[in-house]
Each structure stands twice: as structure tokens, then as C-alpha cells.
Amino acid sequence: MKSSSSSSSSSSSSYYYILRERCLNRGSSPFFMSFLLVTVIFVPFIFYSINPLNPISKPPPNISFSGGILKNCDLFKGHWVPDLHGSRYTNSSCTTIPDSKNCFRHGRSDTGFLNWRWKPEKCVLPRFDPNKFLEFVKGKKLGFIGDSVARNHMESLLCLLSKVETPKDEYKDSEDRKRIWYFPNHDFTLIILWTKFLVHGEERMINGSSSGIFDLFLDKIDEAWSKDLPVLDYVIISDAHWFFRPIYLHDSTGVVGCVYCNTPNVTDYGVGFALKLALRSALNHVNNCKMCKTRVTLVRTFSPAHFEDGAWNTGGRCNRTVPLSESEINSSGLEWELRSLQMGEIEKARTEGGKLGKRFGVLDVTKAMMMRADGHPGEFWGNKWMKGYNDCVHWCMPGPIDVWNDFFMAILIREASFVS
């Protein structure tokens, strides 16, 4: 797949040779030779000048992550700008892309959604640097804790790091829920710890069959991730999409509320309430873990789905090919509510953690991703068991999700600089 910058360069060269040929055919008159000289000088500026209307043709400069500009800049307040540099890997160069995220393999033909870059309002977001990242995490263990979207994020990171070092696929459990990758040259371990709700959840069975109704025990952390927490140096927690289903919430006293239920004497508090309490329990567990060596804990905010014309099971689809503008997103919708609740819990954990020598930070991707309805697999996800259904929750690889690792590297290093 050729990049847009290659095609622009080719156009510029072609224009030059056409003019040259015309000049030669006209006997190289002074007028035409002067015209040719002026054209050769100014055509590159036409193609490559950087202004709000023209794309960025080069990656941003290499900026120190611990420098004052990134310490004081809000990386998450900005907008998407055209970027001819495109993706940093392809669906063929990265061999670890899961089949369901390999959109080009399953027939997606448009590539314009790759040519956008997030631009903060008051600074430049450096591109992810795999060499610097691997040097920073040398000898460390990094854990992604969350659902399949958390895994999507980890898989993007894996593709970016694979440009420097091929990792060893060291462990996979029987359900492919827990996965461990190891980079021997840097003694770096990357782990995904899959969890539906962060806290312990049990699905109710009716006549021996799954009901889709869950009981969540807010005072019990899910062992699927908590048992591995003590060995992790860095942690990134994210969750949300599993909370959009019937749930009964329990604490040590019994049922305290529900989500999507219609039960007498039980209050339906909604998705946000359940997500907030589960995240609070998880962050409290990190703060209270005396055996843990975790230096920095980051929380990624809600990553929105983009179903249009229906829900996931009623014909909903996501077939846009360009980002939404800021005026097209709903900044007062449920996505923003969930993000705000998460931000509140992060601040509480940060305050408490500061007394214990622990550091908390945030990857606030919600606004940026609300604009990227063009980045989902949609119909191009190759699931033979669910033909006719669109995936408007996860993200194509390569795709907009790769910017999460631009954010991740900047924020991880920034937060770690505060830890002795």
C-alpha cells in the first residue's frame, strides 16, 4: 500500500517532467525556461506547505517527554488533522494483528482513515517511539487490565514494538484470556489480563443455559487480574462495555442496586453507577496492595462505540470513512458521562495514592475517539458465526487506536518522573 506522501511526490515529479518536455519542444525559450525554474521552486510548497488546510507530511519533531511543555500541556484537548505520514505499520508487516481487527484482510478498501493525526491545542503530541519505549521499560513488567478493547490497545502496542524487536509468545491460557509476550533483548514483559467487570461477577444460569444476567460483587476483586498485580511495575486499567447488560450489584450487605432491571424494591442506578463503583473497588485494591510494586497505574477512559441506524443486534452499522467534526459529536451524552465518572475516581485514587507513594494518571481518549466513527471494523471483521453483524466497538489495525500509544508513552513517562 503506497502512502499518500509517495503519491504527492510522484505528482510533483510528473508535473516537472511535463513542463520540461514542453520547454524542450519549444526550443528552450527564455520565457519557458524561467517559467520552469519558478515552477520547480514553488510546486513543492504547493504540495507540502503546512497550514491548517494542508496535511502534515512529516512526523512531529522528537520532543522530550519529561520536558516542561508536555508536563503542562493537556494532550487530550485538541482535534484531528490530516497527516500524509500515515500508519507506522501495515496489516502485513505486523504478524500479531488478530484476524478480527485485520480490516484490510477482510475487504476494507479505503485507506484515508489512516491519514489523520491528533493535534493538541497548545503543544505537539510526539509519535510513539518504540526504541525509547523499550529502553524506558527495560527490565519491567507492564499489564493491561480490562476487556477486549483493552486487549485491542495492547495489540496495537505489540505491533509498534515489533518494529524494533520480535517478541516471544510466552504464555496463553486455554481460553486465550491471559496472554504474555516477552522481549528478551530488553527483558520486558507485556501482559494482558482479561476481566469483564474488574470486580467478581457471576452469570446467572437458567435451566442450565446462560441468561446474560450478572451478579457483581463490588467488595470482591476479580482474581483474573488481582493475583498477578504484585509482579507488575506498570498497569493500565480500562473497562466499560460489559456493563451494558442486566446486572445486580452486591456489597457485603446484599443487593444495593441494579442496571437494566425491573425488580421491585431494587433501584436501577444505570450503567455509570455500576462502572464507577467497580472502578473505585479496583483502584482501592491497587492502593491497598502492600505486596505490589506497581509504580504507575493509568486508567483509560471510555472508548465509544459508533453504531448508526440501529444497535449491534438490530442492523447497526459504522461505514464512515472520515472523522466526525467536533460539532457532530454529543459532548453531553452517555459517553461523556462515563468519562466524567472515571475521571472522578482517578482523582480520588491519585489523592489517596499520593500518601502511599503511588502514582495514578489518565489516558483520556474519549473525546478523540468520539470523532473516529471511521475507525471500526464494521462489516470487515471476518466473523463467520455472526455474519450480518457489524463490529462498531473495536478498532481496525492499523487505525485510530494507534494514537492511544502516543498518549500512553507520553503519560507513562510523565507520571513515572514523579515517582522516586
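The structure we're discussing is the one just above.
Here is what the cut-offs are and how they apply
Residues numbered from 1 in each chain as written. Predicted model: local features only at pLDDT ≥ 70, side-chain atom pairs only at ≥ 80, totals over all residues. Heavy atoms only, no water. Axes fitted to C-alpha atoms, helices over the stretch in contact; angles between N-to-C directions. Helix = DSSP H or I, 4+ residues; strand = E, 2+ residues; numbered from the N terminus. Parallel < 35°, antiparallel > 145°, perpendicular 65-115°, else oblique. Left-handed = near helix turned anticlockwise from the far one by under 90°. Contact = heavy atoms within 4.5 Å. 1 Å grid on protein atoms, 1.4 Å probe; cavity = no way out; pocket = protein on both sides within 12 Å on 5 of 7 lines; lining within 4 Å. Points joined across faces, edges and corners; volume = space filled by probe spheres on them. Nonpolar A, V, L, I, M, F, W, Y, C, P; charged D, E, K, R; others polar. Salt bridge = Lys/Arg side-chain N within 4 Å of Asp/Glu carboxyl O. Buried < 20%, exposed > 50% of the residue type's maximum accessible area, 1.4 Å probe, protein only. Polar contact = N/O pair within 3.5 Å; in protein donor to acceptor, adjacent residues only side chain to side chain. Phe/Tyr/Trp six-rings, centres within 6.5 Å; stacked < 30°, edge-to-face > 60°. Disulfide = S-S within 2.5 Å. Pairing = 2+ DSSP bridges.

Caption draft 1: Inspection of the packing of helix H7 (residues 271-288) against helix H8 (residues 334-356) at higher detail. Relative to each other, H7 and H8 sit at 20°, their axes nearing to 9 Å. Relative to H8, the element H7 lies roughly parallel. Along this stretch, H7 crosses H8, giving a crossing that reads as right-handed. In this structure, H7 uses Val271, Gly272, Phe273, Leu275, Lys276, Leu279, Arg280, Leu283 and Asn287 to contact H8, whose residues at the interface are Glu337, Leu338, Leu341, Gln342, Glu345, Ile346, Lys348, Ala349, Glu352, Gly353 and Leu356.

Caption draft 2: Summary view of the layout of surface pockets. Quantified by volume, the largest pocket comes out at close to 1200 Å³. Together, 35 residues line the largest pocket, and Ser148, Arg245, Asp391, Val393 and His394 are the ones closest to its centre. Contributions of two or more residues to the lining of the largest pocket are made by helix H5 (148-161) and H8. Here the lining of the largest pocket takes four residues from H5, the largest share from any one element. For the lining of the largest pocket, the per-class residue count stands at 17 nonpolar, seven polar and eleven charged. Empty space within the second largest pocket amounts to approximately 400 Å³.

Caption draft 3: Quick peek at the pattern of salt bridges. Applying the stated criterion across every chain, the model contains 23 salt bridges. The salt bridge involving Asp99 is made with Arg105; its shortest N-O contact spans 2.9 Å. According to the relative accessible area criterion, Asp99 is partly exposed, its value standing at 32%. Ionic pairing is found between Asp169 and Arg179, a salt bridge with its closest N-O pair at 2.6 Å. Here Arg179 lies in strand E5 (residues 178-183) and Asp169 lies in strand E4 (residues 168-172), a separation of ten residues in the sequence.

Caption draft 4: Representation of unusual backbone geometry. Met397 connects to Pro398 through a cis peptide bond whose omega is -5°. Mapped onto the elements of the fold, Pro398 is located in the loop between helix H9 (366-370) and helix H10 (403-416). Phi is positive for Asp187, close to 50°, though the residue is something other than glycine. Inspection of the secondary structure assignment puts Asp187 in the loop between E5 and strand E6 (188-194). Of note, the phi angle at Asn265 is positive, near 65°, even though the residue is not glycine. Among the structural elements, Asn265 can be located in the loop between strand E11 (254-259) and H7.

Caption draft 5: Spotlight on the packing of H5 against H10. Orientation of H5 relative to H10, taken along the N-to-C sense of each, is 80°, at an axis distance of 9 Å. The orientation of H5 relative to H10 falls into the category roughly perpendicular. Within the contact between the two elements, H5 uses Val149, His153, Ser156, Leu157 and Leu160 and H10 uses Trp404, Asn405 and Phe408. Partitioning the contact of H5 with H10 into residue classes produces five nonpolar, three polar and no charged.

Caption draft 6: Representation of the side chain of Arg108. Among the secondary structure elements, Arg108 is positioned in the loop between strand E1 (78-82) and strand E2 (116-120). Using a relative accessible area of 6% as the deciding quantity, one classes Arg108 as buried. From its side chain, Arg108 meets the backbone oxygen of Asp374 in a polar contact 2.8 Å long. Excluding residues within four positions of it along the chain, Arg108 makes contact with Cys103, Phe113, Arg320, Thr321, Asp374, Gly375, His376, Phe380 and Cys396.

Caption draft 7: Structural view of the packing of aromatic side chains. One pass over the structure, following the stated rule, counts 17 aromatic pairs. The interplanar angle of 80° and the centroid separation of 6.3 Å between the aromatic rings of Phe133 and Phe188 together place this pair among those described as edge-to-face. Taken together, the residues Phe133 in helix H4 (residues 130-136) and Phe188 in strand E6 connect sequence positions 55 residues apart. Looking at Phe188, the relative accessible area reads 0%, which means it is buried. Aromatic ring contacts, followed pair by pair, group Phe128, Phe133, Phe144, Phe183, Phe188 and Phe408 into a single cluster.

Caption draft 8: Highlighting the state of the cysteines. Considering all chains together, one arrives at six disulfides under this definition. Disulfide partner of Cys258: Cys261, at an S-S distance of 1.8 Å. With the S-S bond torsion at -50°, the cross-link from Cys258 to Cys261 turns out left-handed. Note on accessibility: Cys258 and Cys261 belong to one class, buried.

Caption draft 9: Highlighting empty space enclosed by the protein. Scanning the entire structure with this criterion turns up three cavities of 30 Å³ or more. Taken as a whole, the largest cavity holds about 180 Å³ of empty space. Lining the largest cavity are 20 residues, and of these Arg88, Leu114, Trp116, Gly399 and Asp402 sit closest to its centre. Among the secondary structure elements, those contributing two or more residues to the lining of the largest cavity are E2 and H10. No other element matches the three residues that E2 contributes to the lining of the largest cavity. The class makeup of the residues in the lining of the largest cavity is ten nonpolar, three polar and seven charged.

Caption draft 10: Region of interest: the sheet that holds strand E12 (residues 296-300). Reading across the sheet, the seven strands line up as E4-E5-E6-E3-E9-E12-E13 and stay open at both edges, with mixed pairing between neighbours. Each edge of the sheet is formed by a strand with only one pairing partner; in this case those strands are E4 and strand E13 (359-363). Neighbour-to-neighbour, the strand axes of this sheet turn through a mean angle of 20°, independent of strand direction. In the sheet, E12 pairs with E13 via five bridges, with the strands oriented parallel. Across the sheet, Leu298 pairs through a bridge with Gly361, a residue of E13. Against the sheet, H7 touches strand E9 (234-237), E12 and E13, its axis set at about 170° to E12. Those strands touched by H8 are E12 and E13, and its axis lies near 160° from that of E13.

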